[in-house]
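# Commentary on secondary and tertiary structure
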Amino acid sequence: MEYWYLWLIFILLCVLTVFVLHKASAALGVNNAERERMTAELKRLKELKETYQNADAETVQKAEPMELLEGVNAVLQARVEKADDAEKCFETFSLPQQYMYTLLYYLEDSEENPAFFLRHNGEPLLSFAAPTLEAIGEAELSEALFTYFKDQKEKGDVVTDEALQEAYEKTSKAQFDKARILKHAKAYIEAHREEILS
């Protein structure tokens, strides 16, 4: 036992190896869970696309509002993904299709923080947001966006103006009601079903 310190180092290396292997297996489990979640989401979107590809009036009427909007967007997104130029593809959409495509991004990005949509999206979504909200019957939210863009233009088209974004956020946060917006979106889709889902 004259080299006892070597045995101590060997034991420490074994413990360290077990620790590293444990951490690696935990990380692998997280990656697998994330991959499974993403696979399930892609499968769900594929099923929505198939359901709403050429949905009839009864299918649209029976649909939950969020599922309907996601289904419409799954159909539209499939077209965008096949295109070489996403913006040119967006331009080929009918106006109601452009509105519904924009609305999903607006809802997802504005739910937690209304200014997030402004900070993380560009054209053509920014230009279509206010008209989209107006078209589905969300006049107050639409007015808040129109005011933001008018003030922004007066300040020299500075998208990152924090004061304007904070003012917009305060105004729209009080008016943002996802359930109400979805109800209006569903009514709009029902009224324009043939044009949106053709």
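Refer to the preceding data block for the structure.
Anyway, here's the lowdown on the structure attached to this text. (Residues numbered from 1 in each chain as written. Predicted model: local features only at pLDDT ≥ 70, side-chain atom pairs only at ≥ 80, totals over all residues. Heavy atoms only, no water.)

### Focus: the overall build of the protein chain
For the record, the criterion: Helix and strand labels come from DSSP, where a helix needs a run of H or I of at least four residues and a strand needs a run of E of at least two; each type is numbered from the N terminus. For the exposure calls, accessible area comes from a 1.4 Å probe over protein chains only, and a residue counts as buried if that area is under 20% of its type's maximum, exposed if over 50%, partly exposed in between. The contact criterion used is simple: two residues touch if any of their non-hydrogen atoms lie within 4.5 Å. Each accessible area is a Shrake-Rupley estimate made with a 1.4 Å probe; only the visible protein chains count as cover when residues are assessed.
Each helix and strand counted, the protein chain has 11 helices and zero strands in total. Written out in order from the N terminus, the α and β elements of the protein chain read α-α-α-α-α-α-α-α-α-α-α. Counting over 198 residues, the protein chain shows a buried share of 35%. Considering only contacts in the protein chain between residues 6 or more positions apart, those separated by 24 or more positions represent 65%. Total accessible area on the protein chain stands at roughly 12,400 Å², and carbon and sulfur atoms take up 57% of it.

### Side note on a negative patch on the surface
What counts is decided by this rule: Patch definition: residues above 30% relative accessible area lacking any salt bridge, with like charges linked at up to 9 Å and the nonpolar side chains Val, Leu, Ile, Met, Phe, Trp and Tyr linked at up to 5 Å. What makes a salt bridge here is a side-chain nitrogen of Lys or Arg within 4 Å of a carboxyl oxygen of Asp or Glu, nothing more. Under the counting rule used here, the positive set is Lys and Arg, the negative set is Asp and Glu, and His together with the chain ends is not counted. One atom stands in for each charge, and that atom is NZ of Lys, CZ of Arg, CG of Asp or CD of Glu.
Residues Asp 84, Asp 85, Glu 87, Glu 91 and Glu 123 make up a contiguous surface patch of negative charge. With respect to the helices and strands, the residue Asp 84 is situated in the loop between helix 3 (65–82) and helix 4 (86–92). Classification of Asp 84 by relative accessible area gives exposed; the value is 87%.

### Some words on the pattern of salt bridges
Evaluated as defined, the whole model comprises five salt bridges. Between Arg 44 and Glu 41 there is a salt bridge, and its shortest N-O distance comes to 2.9 Å. Of this pair, Arg 44 and Glu 41 both sit in helix 1 (residues 4–52), three residues apart, roughly one helical turn. Since its relative accessible area comes to 30%, Arg 44 is described here as partly exposed. Counted as one network, the salt bridges with shared partners bring together Glu 41, Arg 44 and Glu 70.

### Observations concerning a nonpolar patch on the surface
Where nonpolar side chains cluster on the molecular surface, the patch consists of Ile 9, Leu 13, Leu 16, Phe 19 and Val 20 and spans about 480 Å² of accessible area. Examined against the element boundaries, Leu 16 turns out to sit in helix 1.

### A short note on the nonpolar core
Put simply, the test is: By nonpolar core is meant a set of buried Ala, Val, Leu, Ile, Met, Phe, Trp, Tyr and Cys residues that side-chain atoms within 4.5 Å join together.
Counting 44 residues, the largest nonpolar core has Met 100, Leu 103 and Tyr 106 as the members making the most contacts within it. Ignoring any residue separated from it by four or fewer positions in sequence, one finds Tyr 106 in contact with Phe 117, Leu 133, Leu 141, Leu 145, Tyr 168 and Phe 176.

### Things to note about the packing of helix 5 (residues 95–110) against helix 10 (residues 178–191)
What counts, and what does not: In this description, a line fitted to the C-alpha atoms serves as the axis of each element, helices being fitted only across the stretch in contact, and the angle between N-to-C directions of two axes falls anywhere from 0 to 180 degrees. Each angle gets one of four labels, with under 35 degrees taken as roughly parallel, over 145 as roughly antiparallel, 65 to 115 as roughly perpendicular, and the rest as oblique. With the far helix as reference, a near helix turned anticlockwise by less than a right angle produces a left-handed crossing, and one turned clockwise produces a right-handed crossing.
Closest axis-to-axis distance for the helix 5/helix 10 pair is 11 Å, and the angle between their directions is 165 degrees. Considering their axes alone, helix 5 and helix 10 lie roughly antiparallel with respect to each other. The hand of the helix 5/helix 10 crossing is left-handed. Counting all contacts with helix 5, which are made through Pro 96, Tyr 99, Met 100, Leu 103 and Leu 107, the residues of helix 10 involved are Lys 178, Ile 181, Leu 182, Ala 185, Tyr 188 and Ile 189.

### A short note on the packing of aromatic side chains
Put simply, the rule is: To pair, rings of Phe, Tyr and Trp, with the six-membered ring standing in for Trp, must have centres within 6.5 Å; the planes then decide the type, stacked if under 30 degrees apart, edge-to-face if over 60, and tilted in the middle.
Considering all chains together, one arrives at seven aromatic pairs under this definition. With a centroid separation of 6.4 Å and an interplanar angle of 65 degrees, the aromatic rings of Tyr 99 and Phe 128 are classed as edge-to-face. Here the residue Tyr 99 occupies a position in helix 5, and Phe 128 occupies one in helix 7 (residues 125–136), the gap between them amounting to 29 residues. The class for Tyr 99 is buried, based on a relative accessible area of 11%. Between Tyr 99 and Tyr 188, the aromatic rings sit 6.2 Å apart at their centres with planes inclined by 55 degrees, giving tilted as the arrangement. You can see Tyr 99 sitting in helix 5 and its partner Tyr 188 sitting in helix 10, a full 89 residues away along the chain. Neither Tyr 99 nor Tyr 188 differs from the other in exposure class; each is buried. Taken together, the aromatic side chains of Phe 90, Phe 93, Tyr 99, Tyr 101, Tyr 105, Phe 128 and Tyr 188 make up a single cluster linked through ring pairs.

These figures capture arrangement, not role.
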